Amino acid sequence: MDFRHPKSAEFYRYWLDLPRDGYAPSRDSFLPEEVPSLLPNFMIYEMISDDYIKIRLLGSNLSEKFGDACKGGNYLDLVGKDRRIQASQSLWTVVNKPCGIVGVVEQVMQNGLSICLESVGLPLLNSDGGNPMILFQKNELDCEKRIPDSNTENLDYLKIFKRQFIDIGAGLDGVEEFIYPSLADA
């Protein structure tokens, strides 16, 4: 797998090395203190329902850039209304297939400017029988910070430019690849 950010590759190698019974490791095997350099850019989503994906963990760097307000909230509230169903289906694919996901996204920071991130998500099993989870590493790419598109309703949005699924051993049969109008060099 080719990643654009070196910490994305480090995160992927860390996840691959976690003990597992099947395709995905359990949440209990994920010990963020083992990879302190990655900790500020971790997020965990808990997959509760088709219309509610709870943000369970927000690393300090992400919290600083985007604000604590989204911690505990619904990830789908950050997605445009026209893409909510597709975003939900994509994340459910990660836990149901199972597979990984990597993409280049634009997200607005607290200061109103947008940045580009490489976002890598990999499934985690909930060992207590609860909802499945997705562990994300989100690293800023070297893109120009800019004012977001003027046609957005508010500054709490996420725009995906490129996304692909990662085969973690279960294959990708029936998994649809999504390619969006891209940024230069996305």
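Rules of the game
All residue numbers refer to position in the chain's written sequence, counted from 1. At least 70 in pLDDT is required for a residue's local features to be given in this predicted model, at least 80 for side-chain atom pairs to be given and counted, and no such filter applies to totals for whole chains, interfaces and linings, which use all residues. Only hydrogens and water are set aside when side-chain values are computed; all heavy atoms of the structure are taken into account. Numbering goes from the N terminus for both helices and strands, where a helix is a DSSP run of H or I of at least four residues and a strand is a run of E of at least two. Here a helix's expected span is defined as the number of its residues, less one, multiplied by 1.5 Å. A 1.4 Å probe rolled over the protein chains alone gives each residue an accessible area, and that area as a share of the maximum for its type sets the label: buried under 20%, exposed over 50%, partly exposed in between. In this description, a nonpolar core means a group of buried Ala, Val, Leu, Ile, Met, Phe, Trp, Tyr and Cys residues linked to one another through side-chain atoms lying within 4.5 Å. Whether two residues touch is decided by their heavy atoms; if any such pair falls within 4.5 Å, the residues are in contact. As used here, the arc is the angular range of directions from the helix axis to the C-beta atoms. By definition here, a salt bridge exists when the distance from a side-chain nitrogen of Lys or Arg to a carboxyl oxygen of Asp or Glu is within 4 Å. A strand pair is defined by DSSP finding two or more bridges across the two strands.

Chemist: Any details on helix 3 (residues 84–96)? Residues and values, ideally.
Modeler: The end-to-end C-alpha distance of helix 3, which contains 13 residues, comes to 18 Å, matching closely the 18 Å that a straight helix rising 1.5 Å per residue would cover. Among the residues of helix 3, Ala87, Ser88, Ser90, Leu91, Trp92, Val94 and Val95 are the ones counted as buried.

Chemist: With reference to specific residues and values, describe the nonpolar core.
Modeler: Counting residues in each nonpolar core, the largest one holds 28 residues, and the members touching the most others are Tyr45, Tyr75 and Leu91. Of all elements in the fold, only strand 1 (42–49), strand 2 (52–58), helix 2 (60–66), helix 3, strand 3 (100–108), strand 4 (114–124), strand 5 (133–140) and strand 6 (158–166) reach the threshold of two or more residues within this core. Apart from residues no more than four positions distant in its own chain, leucine 91 is found in contact with Tyr45, Met47, Ile53, Tyr75, Ile134 and Phe136. Trp15, Phe42, Leu135 and Ile166 belong to the second largest nonpolar core, which has 19 residues in total.

Chemist: Tell me about helix 1 (residues 6–17), and name the residues and values.
Modeler: The end-to-end C-alpha separation of helix 1 is 17 Å, in line with the 16 Å expected for twelve residues at 1.5 Å each. Along helix 1, the residues that are buried comprise Ser8, Phe11, Tyr12, Tyr14 and Trp15. Looking down the long axis of helix 1, one finds its buried residues gathered within 160° of arc, a one-sided arrangement. Away from the buried face of helix 1 by more than 90 degrees, exposed residues Pro6 and Asp17 are located.

Chemist: With reference to specific residues and values, describe the pattern of salt bridges.
Modeler: All chains considered together, the criterion is met by two salt bridges. Across the pair glutamate 46 and arginine 56 runs a salt bridge whose closest N-O atoms are separated by 3.2 Å. Note that glutamate 46 is positioned in strand 1 and arginine 56 in strand 2, a separation of ten residues in sequence. Overall, arginine 56 belongs to the partly exposed group, its relative accessible area being 41%. Two residues, arginine 84 and aspartate 77, come together in a salt bridge whose shortest N-O distance is 3.2 Å. Under the relative-accessibility criterion, arginine 84 is labelled partly exposed at 25%.

Chemist: Tell me about the pairing of strand 3, residues and numbers included.
Modeler: Of all the nine residues making up strand 3, nine are buried; the element is thus mostly covered by neighbouring parts of the structure. The alternating pattern of strand 3 places Gly100, Val102, Val104, Glu106 and Val108 on one face and Ile101, Gly103, Val105 and Gln107 on the opposite face, and all of these are buried. Where strand 3 and strand 4 come together, eight bridges link them in antiparallel fashion. Bridge pairing links glutamine 107 to isoleucine 115 in strand 4. Counted between consecutive antiparallel strands, the loop separating strand 3 from strand 4 contains five residues, among which glycine 112 sits at a positive phi close to 95°.

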